[in-house]
Amino acid sequence: MKRSFYFIFTIGFLMLWSSCRKDFEFSPSTGNLTFSRDTVYLDTVFSKIGSSTYNLKVYNKSDSDISIPSVKLTLGETSNYRLSVDGIAGKSFENVELLAKDSLYIFIETTVDIENEAATSGQFLYTDAIEFDSGTKQQKVELVTLIQDAIFIYPNRDNTTKVVETLTLNVDGETVETDLQGRELLPNELNFTNEKPYVIYGFAAVPNNETLTIDAGARIYFHSESGLLVTNGASIKVNGALSNDPETLENQVIFEGDRLEPSFSETPGQWGTIWLFDGSIDNIINYATIKNANVGILCDGDPNATNHKLNITNSQIYNSGSFGIMGRNTSIAGENIVINNAGQSSFAGTIGGRYNFTHATILNYWDNGFRQLPSVLLNNFCFR
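Residues numbered from 1 in each chain as written. Predicted model: local features only at pLDDT ≥ 70, side-chain atom pairs only at ≥ 80, totals over all residues. Heavy atoms only, no water.

Chemist: Explanation requested: the overall build of the chain in the structure shown.
Modeler: A count of helical and extended segments in the chain gives one helix and 30 strands. When its C-alpha atoms are laid out on the principal axes, the chain stretches across 95 × 60 × 50 Å. For the chain, the residues scored as buried account for 45% of the 384 residues in total. Once local pairs closer than 6 in sequence are excluded, the contacts in the chain between residues at least 24 apart make up 63%. Surface summary for the chain: the accessible area is close to 19900 Å², and the carbon and sulfur share equals 50%. Side chains of the chain carry 27 positive and 45 negative charges; the gap between the two charge centres is 9 Å. (Helix = DSSP H or I, 4+ residues; strand = E, 2+ residues; numbered from the N terminus. Buried < 20%, exposed > 50% of the residue type's maximum accessible area, 1.4 Å probe, protein only. Contact = heavy atoms within 4.5 Å. Areas by Shrake-Rupley, 256 points an atom, 1.4 Å probe, with all protein chains shown as cover. Lys, Arg positive; Asp, Glu negative; His and termini not counted. Charge placed at Lys NZ, Arg CZ, Asp CG, Glu CD.)

Chemist: Sorry if this is basic, but what is going on with the pattern of salt bridges here?
Modeler: Side chains carrying opposite charge are able to pair once their charged atoms draw close together. Evaluation of the coordinates by the stated rule reveals ten salt bridges. For the salt bridge of E266 with K291, the shortest nitrogen-to-oxygen distance reads 3.7 Å. Note that E266 is positioned in the loop between β22 (253-257) and β23 (271-276) and K291 in strand β25 (residues 288-291), a separation of 25 residues in sequence. The class of K291 is buried, set by a relative accessible area of 9%. (Salt bridge = Lys/Arg side-chain N within 4 Å of Asp/Glu carboxyl O.)

Chemist: Help me understand the nonpolar core, please; the structure alone is not making it clear to me.
Modeler: As a rule of thumb, nonpolar side chains are buried together in soluble globular proteins. Counting 37 residues, the largest nonpolar core has F192, I214, I220, L228, F255 and I297 as the members making the most contacts within it. No other element matches strand β28 (residues 323-342), which puts four residues into this core. Sequence-distant contacts of I220, that is, excluding residues within four places in its chain, are made with F192, Y198, I200, I214, V253, I254, F255 and E256. The next biggest cluster of nonpolar side chains, apart from the first, holds 29 residues, and it includes I68, V112, F124 and I147. (Core = buried A, V, L, I, M, F, W, Y, C linked by side-chain atoms within 4.5 Å.)

Chemist: What is the right way to look at the sheet that holds strand β2 (residues 34-35) in this model?
Modeler: In any sheet, the strands associate via hydrogen bonds between backbone groups, in a parallel or an antiparallel arrangement. Strand order in the open sheet formed by five strands is β2-β4-β9-β6-β7, with antiparallel pairing between adjacent strands. Looking at the sheet topology across the chains shown, the edges are occupied by β2 and β7 (88-90). Sheet analysis places strand β4 (residues 54-60) next to strand β9 (residues 102-110), joined by seven bridges and oriented antiparallel. Looking at β9, one finds that N60 is bridged to D102. (Pairing = 2+ DSSP bridges.)

This is the structure we're talking about:
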């Protein structure tokens, strides 16, 4: 009896309490929203390539539950920005509810084709805004993105089977089918200039007996699991030059990942490697920066080359996920170079070989995890 009384009393109290609540009673927004930022900068992205996802937080600091009559992009459906408001994708939203002392997230992305815009010098500043409400209560948050034009090198894709082209290589006279996504560079792609940056998807291979020449000031960006292969009889000539500005390194040739956000500027292991095959010849790298690869340079074979398999000068290699330079029974000459920050060794000469470094700084201040190997590793056996 006593338990029944308490049960009935509790039910009655809850019914009385709930009848006094004001759930779902939202008043119109008064234009007093606050935001985590007044401008969302989506950093630099390449033309036709989607940006990362950025967020804006919207706060209702009042004591009332409110409904925002409209949240929309100024350019409407023609905008190249995409929004997600409370998990719903679109470019305009109506009656967005926000509880008192609460907040909501808006996620923002963009993809812009620079050919459709008034680009100047290969760059275009694309802008829009998110509008909250209208009239005298309207508030805005600006959206800004720098779009960079580029030359894209990527493997072909069969639209029917969705199969991506893989590399077929000539190794010591034998045709070898690989599972590496990529393709050989075409004759008109064997000179990388500084007019536009290059973005490489998959592995771009320098064909047998050809030379890839890279001019001073060129910028080469690699997507994840991408890189350069220099095959039998082929060469790479990186013709960077001394720069006047230590920040922009305007005349250096820079190899790095294709994530342009500042948070990725020093992130190791974003792309594969520059792989100098056993059989490639007379490879020269001068005034280059190679950063954020898994292995900066992988050099194989020909330890008795007359002029060294690789001559690298006035260059820096850093933030490599595994090795800055890895030589395997090969010959490398380096002068005035810096190799730093690698997940294993900054320099590894394995299976023997011939290595000659002058005025070289090889150190390892890796702080992204536990490192098992020394800064400089030398041995005469295969290391895996």
